[in-house]
Protein chains: 2
Amino acid sequence: MGGARPTPDRERYAGLFAQRTRVMKSSAMRDLMALTERPEIISLAGGLADTTLFPAEDLAKVLSHMAAESSARALQYAPTEGMADIRPALTEVMAAEGMTVDPDEILVTTGGQQVIDLVCKTLVDPGDVIIAEGPTYPGAVPTFSAYEADVVQVELDADGMRIDVLQETLARLDAEGRRPKFIYTIPNFQNPGGVTLSLERRRELVRIAQEREILVLEDNPYGLLRYEGEALPTLYQLDGGRFVVYAGTLSKILSPGIRVGWTLAPAPVRQKMVVGKQGSDLNSSSLSQLMVAYYFRERDWHDYVRRQADVYRARRDVMLDELGRHMPEGATWTTPQGGLFVWLTLPSYFDTTDLLARALQHNVAFVPGRAAYLDGRGGQSARINFSGVHEDDIREGIARIGAVVAEQAELYASLTGSTPPGAGRGRGAAPPGAAGDVADAGAPIVPLRTAGRRRGSR
Amino acid sequence: MGGARPTPDRERYAGLFAQRTRVMKSSAMRDLMALTERPEIISLAGGLADTTLFPAEDLAKVLSHMAAESSARALQYAPTEGMADIRPALTEVMAAEGMTVDPDEILVTTGGQQVIDLVCKTLVDPGDVIIAEGPTYPGAVPTFSAYEADVVQVELDADGMRIDVLQETLARLDAEGRRPKFIYTIPNFQNPGGVTLSLERRRELVRIAQEREILVLEDNPYGLLRYEGEALPTLYQLDGGRFVVYAGTLSKILSPGIRVGWTLAPAPVRQKMVVGKQGSDLNSSSLSQLMVAYYFRERDWHDYVRRQADVYRARRDVMLDELGRHMPEGATWTTPQGGLFVWLTLPSYFDTTDLLARALQHNVAFVPGRAAYLDGRGGQSARINFSGVHEDDIREGIARIGAVVAEQAELYASLTGSTPPGAGRGRGAAPPGAAGDVADAGAPIVPLRTAGRRRGSR
């Protein structure tokens with residue numbers, strides 16, 4: 001009995017796998033996690049809030065109060081929709097984003113990630129079109145691909161998603177008789193692009209959604225992590241909640257480890273998401289929900305957000321300085337007004353997937369740009385994170401990437417006999433805190449290509 | 001801006017919904033939760049461990065140690081596969097179930113529920129056959145239906161799933177050219193049936209799985225909550241992990257609120273489940289995983305399981321006594337050797353869905369039997385829980401159900417002019433602790449019907 005270990009035998013099980021597994025893509029970001037856990041690696045690949053900033057003694061106090069008063073409830077099942085206790089906290093966060101919401105309309109989820117999953121579960125059949133930004137959140141790739149969606153990506157520029165390209169894309173889809181199921185956007189400090197959707201474009205996007213009766217999934221993890229400039233209204237607020245589904249999360253302003261997110265959606269959509277969630281995980285952690293309720297009651301959560309923002313602002317500035325110092329001529333990068341990421345684009349002879357392999361040998365990691373596309377684009381770009389890494393490590397990390405880049409540039413020169421443009425000291429970088437979001441204001445943050453090439457999803 | 005509240009407009013959004021939403025069924029159990037939260041209701045509908053048995057001061061201590069030592073990690077993302085810290089704890093639980101496993105093969109999930117979801121995600125295309133027990137876990141209904149599976153249910157008797165009926169079902173599916181994607185079973189103290197798969201049948205089931213190369217999903221939430229009799233080996237252990245996917249959970253032996261489950265699966269299957277999980281929720285709560293690690297290190301978890309078992313055994317005995325006192329002639333119920341549930345079957349003129357509506361008026365709830373079938377069966381039966389309710393409430397709850405049953409019986413008599421069989425005091429009940437699992441040993445626990453009627457899944 002027992003003892004005989006399973007022999008992995010792909011052939012044996014292959015006939016059993018669902019169709020979706022043929023197109024399911026893993027998240028490059030997640031796959032990198034194991035690698036980048038090695039202490040000698042400086043990882044700029046994460047999308048991490050720096051949880052060492054949270055005072056351990058505060059957590060200990062909040063949790064022991066919670067346990068003393070509400071142990072049995074923290075350990076028990078909760079309604080699928082979420083506990084009443086956490087609703088005031090989430091409502092406060094949204095109020096800080098300028099949103100007026102009915103707490104009873106909140107569906108609590110297992111992180112913001114589950115909102116994306118449940119929206120797909122509710123709306124997407126195999127082959128259905130989702131419009132996303134190009135680049136888009138790398139963590140959405142395994143979700144979109146699991147639902148066998150045909151993801152059409154619309155470029156960004158310094159003002160966020162290009163609405164003119166969106167219009168062209170919608171017209172083309174119309175002509176093909178295809179109606180997109182939803183438009184996925186991260187308007188604030190986009191992941192990975194770092195850019196922010198302008199107010200004018202927010203109004204246009206909402207108008208398009210209302211006119212065409214298309215749902216928009218507004219993913220807003222970083223809205224409160226703004227380091228300069230004025231906050232803009234959410235799409236949800238501009239729309240009044242008719243066509244905008246809102247995804248919120250505490251992952252970046254409190255903790256990703258507790259897995260607490262939430263959504264607001266039109267009632268018929270939300271009701272189906274609740275049934276979807278019953279099947280996925282019954283309910284989100286009661287322990288986490290009550291921890292949040294107690295934390296918001298006992299501590300000044302605004303203060304913690306401000307303290308984080310101060311630290312991340314300084315780290316961003318260091319990163320932008322270092323990019324200026326170490327990146328070659330022809331490289332561009334975004335200057336985010338908030339959030340966690342800078343999007344770096346190298347001259348056309350670079351391939352960041354290859355570059356990552358070399359970078360890992362030099363003990364530094366980033367997310368290669370292809371991870372942010374479902375259509376193969378992004379090979380010249382990289383997502384680099386500044387929030388989760390100390391300033392010294394940012395300096396060292398960017399210097400190491402710079403060294404690998406210079407090495408590649410020399411290799412290119414020796415192979416082609418030509419001198420690559422600027423393998424030396426930095427040019428083309430936007431000064432930190434500049435008004436524009438990109439090095440060359442107005443330019444697309446990725447090389448212009450035809451938007452929304454179709455991808456056979458089966 | 002803002003202000004205008006969304007008007008629910010089913011027509012407007014209907015065209016956007018995915019195909020699967022047409023067949024997605026919500027869990028009757030979950031839908032009952034909101035209703036049964038009213039304090040005047042005695043709910044025998046839950047599937048709850050009694051978390052008031054867990055000492056609040058223990059939880060406070062464990063959590064404050066964890067926070068003091070590991071705050072930043074508890075608040076941070078974790079690998080999708082789960083944290084290293086929790087693996088010894090889960091390995092210990094499986095050792096107590098008689099299983100030898102490699103800790104590195106464990107995939108940590110968001111409750112046992114997510115195992116069912118990820119197995120479906122990996123294996124099930126719309127229209128694919130899943131074989132389940134009849135009755136089956138009501139919480140699997142929203143999952144199976146979301147994947148548009150064709151669920152074929154095989155009856156139970158006192159010794160668990162009827163392997164002869166399974167064989168007939170497999171032969172019939174063979175003749176139709178259909179290969180089931182997996183067989184879903186809860187071998188110990190089945191939910192909702194209360195019966196346990198005999199050792200002989202375990203061996204037969206494993207042999208069938210190996211011969212036919214069919215996966216079995218073994219869901220084992222209650223294995224350690226045994227109140228009498230000897231533990232039987234898990235299917236996973238008998239099989240050696242070749243065709244059995246194992247689903248474990250801490251929901252019943254520690255806490256459902258922390259949402260910690262896990263799975264063991266053949267490597268090619270597990271790898272796809274990991275990608276599926278990336279898309280669903282990135283990783284399970286780090287806070288919960290570390291809480292478990294600290295709890296297992298600092299406290300005697302075996303002792304807590306024993307204390308729970310003592311309490312639940314006594315509650316079971318009270319429930320069985322009361323059923324004997326209040327149920328009419330012709331009613332039968334199972335005598336579980338462990339777990340949380342008794343499965344009650346009333347004479348053929350009862351409909352437990354109607355009965356529930358009346359029972360709620362009398363402030364008592366149970367899960368109607370139809371919730372445990374995807375094919376409309378179960379109308380005479382009910383799942384009644386004894387673990388989550390104090391003995392006095394069990395007495396009062398069963399008395400109230402008895403009163404509603406008697407009322408229905410009288411109504412039947414007055415409408416048909418005949419005396420229903422035994423609307424009075426109990427008969428047909430198996431004595432608690434009897435060797436057999438059902439009142440009439442050897443009889444099926446639900447009226448025999450043709451197993452596995454096909455259900456159009458679209």
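Each remark here, short or long, concerns the structure printed above.
Our subject in this report is the structure included herewith.

Conventions used here
- Residues numbered from 1 in each chain as written.
- Chains lettered and ligands numbered in written order.
- Predicted model: local features only at pLDDT ≥ 70, side-chain atom pairs only at ≥ 80, totals over all residues.
- Heavy atoms only, no water.
- Helix = DSSP H or I, 4+ residues; strand = E, 2+ residues; numbered from the N terminus.
- Phe/Tyr/Trp six-rings, centres within 6.5 Å; stacked < 30°, edge-to-face > 60°.
- Buried < 20%, exposed > 50% of the residue type's maximum accessible area, 1.4 Å probe, protein only.
- Lys NZ or Arg CZ within 6 Å of the ring centre and 35° of its normal.
- Expected span 1.5 Å × (residues − 1).
- Arc of directions from axis to C-beta.
- Pairing = 2+ DSSP bridges.
- Contact = heavy atoms within 4.5 Å.
- Axes fitted to C-alpha atoms, helices over the stretch in contact; angles between N-to-C directions.

### Section: unusual backbone geometry
All names here are of chain A.
No. 1: Here Asn191 and Pro192 are connected by a cis peptide whose omega angle stands at 10°.
No. 2: Note on placement: Pro192 falls in the loop between strand 6 (182-185) and helix 8 (199-212).
No. 3: Phi is positive for Glu213, close to 55°, though the residue is something other than glycine.
No. 4: Tracing the backbone through its elements, the reader meets Glu213 in the loop between helix 8 and strand 7 (215-219).

### A short note on the packing of aromatic side chains
No. 1: Within the structure shown, the criterion is met by 24 aromatic pairs over all chains.
No. 2: Judged by centre distance (4.0 Å) and plane angle (20°), the rings of B:Tyr349 and B:Tyr412 are stacked. Highlighted residues: B:Tyr349 in the loop between strand 11 (341-345) and helix 13 (352-361) and B:Tyr412 in helix 14 (residues 391-416), separated in sequence by 63 residues.
No. 3: Looking at B:Tyr349, the relative accessible area reads 19%, which means it is buried.
No. 4: Looking at B:Tyr412, the relative accessible area reads 29%, which means it is partly exposed.
No. 5: An aromatic cluster of three or more residues is present, and its members are A:Phe54, A:Tyr295, A:Phe296, A:Trp301 and A:Tyr304.
No. 6: If you follow A:Arg297 out to its NZ or CZ, it ends over the ring of A:Tyr294, 4.7 Å from the centre.

### What about helix 7 (residues 163-175) of chain A?
All names here are of chain A.
No. 1: A rise of 1.5 Å per residue sets the reference length of helix 7, with its 13 residues, at 18 Å; its end C-alpha atoms lie 18 Å apart and thus fit the reference within 8%.
No. 2: Residues of helix 7 that are buried include every one of Ile163, Val165, Leu166, Thr169, Leu170 and Leu173, and no others. For helix 7, the arc enclosing every buried residue in end-on projection is 150°, short of the 170-degree limit, so these residues lie on one face. Opposite the packed face of helix 7, turned more than 90 degrees from it, sit the exposed residues Glu168 and Ala175.
No. 3: Downstream of helix 7 by a residue or two, Gly177 has a phi angle that is positive, lying close to 70°.

### Comments concerning the sheet that holds strand 8 (residues 244-249) of chain B
Residues and elements named next belong to chain B.
No. 1: Sheet architecture is open: eight strands sit in the order 2-9-8-7-6-3-4-5, paired in mixed fashion. Of all strands in the sheet, those with a lone pairing partner are strand 2 (107-109) and strand 5 (160-161), marking the two edges.
No. 2: Bridge count for strand 8 against strand 9 (residues 261-264) is four bridges, and the pairing is antiparallel. In the strand pairing of strand 9, Ala247 is matched with Thr263.
No. 3: On top of the sheet, helix 10 (residues 267-281) reaches strand 2, strand 7 (215-219) and strand 9; it is set at about 35° to strand 2, its chief contact.

That's the geometry; what it means functionally is another story.
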